[in-house]
Every structure is written in C-alpha cells, then in structure tokens.
Amino acid sequence: LCPQVPELGKATVRIRQPERVREIIQALREQGVAKLQVISDFDMTLSRFGCNGRRCPTSHNILDTSRVISEDGKKKLKDLLHYYYPIEIDPNRTLEEKRPLMVEWWTKAHELLVQQKIHKSDIAQIVRESEAMLRYRLGDFFDQLHKNNIPLFIFSAGVGDILEEIIRQANVFYPNVNVVSNYMAFSDEGVLTHFKGPLIHTYNKNNSVLQGTGYFQQLSTRTSIILLGDSMGDLTMADGVPSVENILKIGFLNDKVEERRKKYLDSYDIVLESDETLDVVNGILRYLLAE
C-alpha cells in the first residue's frame, strides 16, 4: 500500500480504498508538520479495549467500580450500562433515535455519581488502583506529537477528571494536549456537586458542544487532520475545524468485528481490527515527520 509505512501491512489493518488512503497520506506529508493536528477519542481509542480476554475499563467504569461508590450505587450504574450500552452500539437504530437515549443515560449516571459525594482528593488514588490501560506505544505517540509541536485534541464523552489523571500518571500530559470532556464541579470542601455542561455523549461529539471553546479557531492554520476514534459518533469530531484540507480517519474496531466491519470500512479510511497498539498511527506519523 505505502512502502514508507510498513505498519499498514499488519494483519489487523483493513482498508476499503487503498488508493485514496495513499493519496491522503501523501497530501498530509506534502502539507507539512506545521499544518497538522490530531483529534482523538479517549476511551477504547487511546485506552485499551481488552487484555487477556477481559475488558479494560473506560474512564466512567474506573469511577463506577471504584471504592468510593457504594454497593447500591455500583449496582444502579451497572443496570444503566446493561440497558443503554446495547442501544448505543445497535447498528439498526438511527442516530436520531439514539441521541436522546444517550442524554438520558449520561444524565442518570452523572446524577448517581453526584449522590456518592466523591472527593476531588480521591481521584488520583482511584486511577492508581484501577485497571486502566493505555494502548501499546502510546508514549511514543504522545512524545512524537509533543516534540514536533503538533496539537493533540482529545474529545471524550468520558469523565475528564479521570482521563486527565490517567494521562498525567503516564507522564505524557504535555502542553500540546487539550481535552474537552465531561468535567466534575466540586464544592469548596472538594466534594462533587454536579457535572459542568455541556454534556458530551457518544453521539454529539461535534461543533454543538464546542461552542465557546474557540479551540479550533486558534488553530485555523492546522488544516491537515488525523482523526482517531472507535465509534460512529467519533466521525464528527473534526466538524469544528474551520477549513479541513486533508483528513485521515482511523477507526479502532474493538468489538463485534464481523457484524460491524462493513459499517466501519464505509466510514473510516483505515480500520484496525482488535489491535491494542498505536503502531499504525505511529508508523504514519513517522513517515509524515521524516525529513
């Protein structure tokens, strides 16, 4: 496909239009590093989906299953997951149907968390005790972006406080990293009182929740984009970028691979099936950054 990026030959890689992908990668390289930015989801994209046959936790899971949540709270949060998650990934429901149900799910989950009187001072320890796992060679990815002053925008429907702490504990929270997510608000005593708006769920990761952040406006010259996601909702994450010239969409297909393959191949330029690494992304970056 692209001899300069041998990683694209990995068995986990699927591409529907190889010629088009080659053209996009070439265009990104020609535009140069000064025009590049990366926009990525966090849970199951930068963090791992599974390990030894077990699911790895998302930023919500980390909080939901931690010692600061009562047994009753844990049960209620799990019930919500079992009810709403199948709706979230149901290929036969439209986004119009899903959106209000996602708002319902996130709102109920956040209300349950608020009832738990979580302390801000507990967050670092919650993350340390969790089974959070980042994808293999994520450090290389963050390092390369940082060294070359390439902005990394993490757009997450998870819990911002938790995911920032995960990145911090991995020692890669560099100044070029910017996160938009669901953040907790704490009282003067450091107790969780509510979640700050706007609410970000799987299917509204677009301009509608970025109003007022002005992040992409400041980066208006960064018209080359690498987008990383693991769901259909992640495809709109670059919608706020003023004038995209080239965009390469890389999708991690983590779950129900056979059933969802076609949809992913129709939507993402490169699909990585059950791949727990960032090898392909790093390989592309290396080629784009090579002299």
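Note that the structure is a prediction, hence the values are computed from the model and not measured. (Residues numbered from 1 in each chain as written. Predicted model: local features only at pLDDT ≥ 70, side-chain atom pairs only at ≥ 80, totals over all residues. Heavy atoms only, no water.)

## Quick notes on the domain arrangement of the chain
Domain annotation for the chain reports domain 1 (6–51 + 133–289) and domain 2 (54–129). Computed from C-alpha coordinates alone, the two centres of domain 1 and domain 2 are separated by 21 Å. In this complex, domain 1 contributes 36 residues to the contact, which on the side of domain 2 involves 32 residues. Taking both partners together, domain 1 and domain 2 bury about 3,000 Å²; carbon and sulfur atoms supply 67% of that area. At the boundary of domain 1 with domain 2, the tally comes to 0 salt bridges. Summed over the shared surface of domain 1 and domain 2, the result is 14 residue pairs in polar contact (both at pLDDT 80 or more). (Domains from an automatic or database assignment. Contact = heavy atoms within 4.5 Å. Buried area = accessible area lost by both parts, 1.4 Å probe. Salt bridge = Lys/Arg side-chain N within 4 Å of Asp/Glu carboxyl O. Polar contact = N/O pair within 3.5 Å; in protein donor to acceptor, adjacent residues only side chain to side chain.)

## Considering helix α3 (residues 71–89)
With 19 residues, α3 extends 27 Å from end C-alpha to end C-alpha; this agrees with the ideal 27 Å at 1.5 Å per step. When the local axis directions of α3 are compared, the greatest deviation, roughly 30 degrees, occurs at Tyr83, which is followed within four positions by the proline Pro86. Those residues of α3 that fall on the buried side of the exposure criterion are Gly73, Leu77, Leu80, Tyr84, Ile87, Glu88 and Ile89. On its buried face, α3 is in contact with α2 (59–64), α4 (95–115) and α9 (257–267). (Helix = DSSP H or I, 4+ residues; strand = E, 2+ residues; numbered from the N terminus. Expected span 1.5 Å × (residues − 1). Bend = angle between axes of the 7 residues up to and from the residue. Buried < 20%, exposed > 50% of the residue type's maximum accessible area, 1.4 Å probe, protein only.)

## Describing the pattern of salt bridges
Scanning all chains against the criterion turns up 26 salt bridges. Asp269 is paired through a salt bridge with Arg20; the nearest N and O atoms lie 2.6 Å apart. In this pair, Asp269 is assigned in the loop between α9 and β11 (270–273) and Arg20 in helix α1 (residues 18–31), connecting sequence segments 249 residues apart. A salt bridge links Lys75 to Asp79, with the shortest nitrogen-to-oxygen separation between them at 2.7 Å. With Lys75 and Asp79 both in helix α3, this residue pair falls 4 residues apart, about one helical turn.

## Some words on the side chain of Ser47
Considering the arrangement of structural elements, one finds Ser47 in the loop between β2 (36–40) and β3 (50–51). Beyond its immediate chain neighbours, meaning those up to four positions away, Ser47 contacts Phe42, Met133, Leu134 and Arg135.

## Considering the packing of aromatic side chains
Both the distance between ring centres and the angle between the ring planes are used here to describe each pair of aromatic rings. Under the criterion given, the structure shown has 9 aromatic pairs. Note on Tyr84 and Trp105: the rings are 5.8 Å apart at their centroids and 10 degrees apart in plane angle, and the pair reads as stacked. Separated by 21 residues along the polypeptide, Tyr84 in helix α3 and Trp105 in helix α4 bring together distant segments of the chain. Tyr84 sits in the buried class, given a relative accessible area of 2%. Overall, Trp105 belongs to the buried group, its relative accessible area being 10%. Look at Trp105 and Trp106: their rings are 5.0 Å apart centre to centre, the planes differ by 70 degrees, and that puts the pair in the edge-to-face class. (Phe/Tyr/Trp six-rings, centres within 6.5 Å; stacked < 30°, edge-to-face > 60°.)

## Some thoughts on the pairing of β11
Burial of the side chains of β11 extends over both faces: Ile270 and Leu272 are buried on one face and Val271 and Glu273 on the other. Once you follow strand β10 (residues 246–253) into α9 and on to β11, the crossover reads as right-handed. (Right-handed = clockwise from strand over helix to strand, strands pointing away.)

## Points about the state of the cysteines
Throughout the structure, instances matching the rule amount to 0 disulfides. Of all cysteine sulfurs, the one in Cys51 lies closest to Cys56, which takes part in no disulfide; the gap is 5.5 Å. Note on Cys56: relative accessible area 5%, which makes it buried. (Disulfide = S-S within 2.5 Å.)

## Describing the packing of α1 against helix α10 (residues 279–289)
Running from N to C, α1 and α10 cross one another at 45 degrees; their axes reach a closest spacing of 8 Å. Of the possible angle classes, the one that applies to α1 and α10 is oblique. The two elements α1 and α10 cross, and the hand of that crossing is right-handed. Packed against α1, whose contacting residues are Ile25, Gln26, Leu28 and Arg29, the element α10 presents Ile284, Tyr287 and Leu288 at the interface. Classifying every residue of the contact of α1 with α10 gives 5 nonpolar, 1 polar and 1 charged. (Axes fitted to C-alpha atoms, helices over the stretch in contact; angles between N-to-C directions. Parallel < 35°, antiparallel > 145°, perpendicular 65-115°, else oblique. Left-handed = near helix turned anticlockwise from the far one by under 90°. Nonpolar A, V, L, I, M, F, W, Y, C, P; charged D, E, K, R; others polar.)

## Topic: the pairing of strand β5 (residues 152–159)
The element β5 is largely enclosed, with a buried count of 8 among its 8 residues. Strand direction decides the pairing type here: β5 and strand β6 (residues 177–182), joined by 5 bridges, are parallel. Note that in β6 the partner of Val159 across the bridge is Asn182. (Pairing = 2+ DSSP bridges.)

## Some points on the side chain of Arg48
Its location among the elements puts Arg48 in the loop between β2 and β3. Of the residues examined, Arg48 reaches a relative accessible area of 5% and is grouped as buried. In this structure the side chain of Arg48 is engaged in a polar contact, spanning 3.0 Å, whose partner is the side chain of Tyr136. With near-sequence residues (within four places) excluded, Arg48 lies in contact with Cys56, Met133, Leu134, Arg135, Tyr136 and Glu276.

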